[in-house]
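# Close look at the chain arrangement
Residue-level listing of the chains:
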Amino acid sequence: MAEGTQPASRQGTAVRQDWSREEVQALFALPFNDLLFRAHSLHRAQFDPNAVQLSTLLSIKTGACPEDCAYCPQSARFDTGLKAEPLLPLAEVKRAAEEAKANGATRFCMGAAWRAPKDRDLEKVAAMVREVKSLGLETCVTLGMLQPHQAHNLAEAGLDYYNHNLDTSPEYYGEIISTRTYEDRLDTLENVRAAGVKVCCGGIVGMGESNVDRAEFLRTLANLPQQPESVPINELVAVPGTPLGDAAKLDPFEFVRTIAVARILMPRSYVRLSAGRTEMNDELQALCFFAGANSIFYGERLLTTGNPQNERDRKLFSRLGIHAEARVTSELEVACGA
Ligand code: SAM
Ligand code: DTB
Ligand code: SF4
């Protein structure tokens, strides 16, 4: 057994965090059927292969972001016609979370277009986390770079997940963002972990990166001190006005390969088929589920761009015999024996 390999146990599939460049590139180079067979076999050893977790997103603070992420419609540096909006009031967040819950989502993810939150804003977000948590939903926020004390405050409020993406490989990162470093991102992930909050960390494909970059991006995630519990794989939503507004579309099979390799490298993590589904047909999404994706963003908006209508997703699930992962039971319901 390779060094760094944890033995397989009845609780789960073995997790390795010592993947080499060559090993990951060799996975990407497998014949498509061999790759999918391997990914799917691991997937069904660990998870119900017909269950998909539903997360709903809400942009709690939109636009006017000082960062220069080349893919992002919310950067103040690009003219995308987006209207900036201040932090939403608590009541509006509560209403959106109730609606997400009624539609069957089990996790509610709140995103803010910040480089890093100010402490006074963080208090307001902590109140939102408390409110959403009290509805019996899992909570996730993505607010940019986080200091240790801020991560602790969010943990105290009941935050389950913090989303902070590596976005791409360390080598390609500088082509996409100049206003913060890969190291900054790794520091935030460390602060989140130290506070005992689960990590949601993935990235974007289709930004003009090479297949070696995709391999190195996934290898970096898999070799983190602890693998992220949740791994969002976004396909670039090319927004006019951003530097990547006319990026060439990625071969859909390369997207499926990325999902499959993520599943093999991180066999116990939830792999989310994230942004980009509006442009994908049902057949492509079905392949992604076979390759090991077991989570989606559910709801008609992502942060600022569209996502498939709920009805379309319900029909897709029904055609594929897929069911939404069961709702999280709130502590109150447990206490009441409901
Ligand atoms: N401002 C915070 C940050 O960057 O950490 C949180 C919000 S930011 C919008 C969250 C993530 O959304 C980014 O890291 C990126 O991976 C993803 N994202 C943003 N724009 C996207 C796009 N056009 N297509 C796909 N994913 C995108
Ligand atoms: C993630 O990985 N993808 C989500 C969430 N984390 C915050 C965001 C996707 C954003 C797509 C572009 C938009 O709607 O603004
Ligand atoms: Fe700002 Fe986040 Fe968009 Fe980058 S991805 S411009 S940090 S909102």
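Being a predicted model, the structure only gives us computed values, none of them experimental.

Note that Gln-227 resides in the loop between helix H8 (211-222) and strand E7 (230-235). Excluding residues within four positions of it along the chain, Gln-227 makes contact with Val-15, Arg-16, Gln-17, Arg-193, Leu-221, Ala-222, Leu-265, Met-266, Pro-267 and Ser-269.

Attention now goes to the site of ligand 1. Close to ligand 1 lie 16 residues, the nearest being Tyr-71, Trp-114, Asn-165, Asp-167 and Val-237. Separating an oxygen atom of ligand 1 from a side-chain N or O atom of Asn-165 is a distance of 2.9 Å. Side-chain polar atom of Arg-180 to an oxygen atom of ligand 1: 3.1 Å apart, as the coordinates give it. Protein contact buries 91% of the 550 Å² of open area that ligand 1 shows by itself.

The next thing to look at is the site of ligand 3. Neighbouring ligand 3 are Cys-65, Glu-67, Cys-69, Tyr-71, Cys-72, Ser-75, Ala-113, Trp-114 and Arg-180. The class makeup of the residues in the shell around ligand 3 is six nonpolar, one polar and two charged.

Put simply, helix H1 (residues 21-28) and helix H9 (residues 252-265) touch, their axes get as near as 9 Å, and they point 135° apart. In terms of their interaxial angle, H1 and H9 are classed as oblique. Like other packed secondary-structure pairs, H1 and H9 cross with a definite hand, here right-handed. Along the contact surface, H1 presents Val-24, Leu-27 and Phe-28, while H9 presents Glu-254, Arg-257, Thr-258, Val-261, Ile-264 and Leu-265. Counted by class, the contact of H1 with H9 contains six nonpolar, one polar and two charged residues.

This part is about the pairing of strand E2 (residues 107-112). Burial analysis of E2 places six of its six residues in the buried class, which makes it a mostly covered element. Of the two faces of E2, both are covered, the one formed by Arg-107, Cys-109 and Gly-111 as well as the one formed by Phe-108, Met-110 and Ala-112. Here six bridges tie strand E1 (residues 51-61) to E2, and the two strands are oriented parallel to one another. Across the sheet, residue Ser-59 finds its bridge partner in E2, namely Gly-111. The β-α-β motif built from E1, the intervening helix H3 (residues 90-102) and the parallel element E2 has right-handed crossover chirality. One crossover worth recording links E2 to the parallel strand E3 (residues 138-142) by way of helix H4 (residues 119-134), and it is right-handed.

Attention shifts here to the environment of Leu-35. Here Leu-35 is to be found in helix H2 (residues 32-46). Considered as a pair, Leu-35 and Gly-174 are 139 residues apart in the sequence and their alpha carbons are 30 Å apart. Setting aside its immediate chain neighbours within four residues, Leu-35 contacts Leu-27, Leu-30, Arg-257, Ala-260, Val-261 and Ile-264.

Turning our eyes to something else, we now look at the confidence of the model for the chain. Of all residues in the chain, 93% attain a pLDDT of 70 or more, and the chain-wide mean is 93. The low-confidence segment residues 1-10 (pLDDT under 50) makes 17 contacts with residues lying over four places distant or belonging to another chain. For the stretch residues 329-338, pLDDT sits under 50, and the model shows five contacts to residues farther than four places along the chain or on other chains.

Quick look at the packing of aromatic side chains now. Inspection of every chain in the model, using the stated rule, returns four aromatic pairs. Arranged with centres 5.0 Å apart and planes meeting at 70°, the rings of Phe-47 and Tyr-270 form a pair that is edge-to-face. Highlighted residues: Phe-47 in the loop between H2 and E1 and Tyr-270 in strand E8 (residues 270-273), separated in sequence by 223 residues. For Phe-47, a relative accessible area of 12% translates into the label buried. The residue whose ring lies beneath Arg-16 is Trp-19, and the NZ or CZ to ring-centre distance is 4.1 Å.

Rules and cut-offs
Residues numbered from 1 in each chain as written. Chains lettered and ligands numbered in written order. Predicted model: local features only at pLDDT ≥ 70, side-chain atom pairs only at ≥ 80, totals over all residues. Heavy atoms only, no water. Helix = DSSP H or I, 4+ residues; strand = E, 2+ residues; numbered from the N terminus. Contact = heavy atoms within 4.5 Å. Near = heavy atom within 4 Å. Polar contact = N/O pair within 3.5 Å; in protein donor to acceptor, adjacent residues only side chain to side chain. Areas by Shrake-Rupley, 256 points an atom, 1.4 Å probe, with all protein chains shown as cover. Nonpolar A, V, L, I, M, F, W, Y, C, P; charged D, E, K, R; others polar. Axes fitted to C-alpha atoms, helices over the stretch in contact; angles between N-to-C directions. Parallel < 35°, antiparallel > 145°, perpendicular 65-115°, else oblique. Left-handed = near helix turned anticlockwise from the far one by under 90°. Buried < 20%, exposed > 50% of the residue type's maximum accessible area, 1.4 Å probe, protein only. Pairing = 2+ DSSP bridges. Right-handed = clockwise from strand over helix to strand, strands pointing away. pLDDT = per-residue confidence, 0-100. Phe/Tyr/Trp six-rings, centres within 6.5 Å; stacked < 30°, edge-to-face > 60°. Lys NZ or Arg CZ within 6 Å of the ring centre and 35° of its normal.

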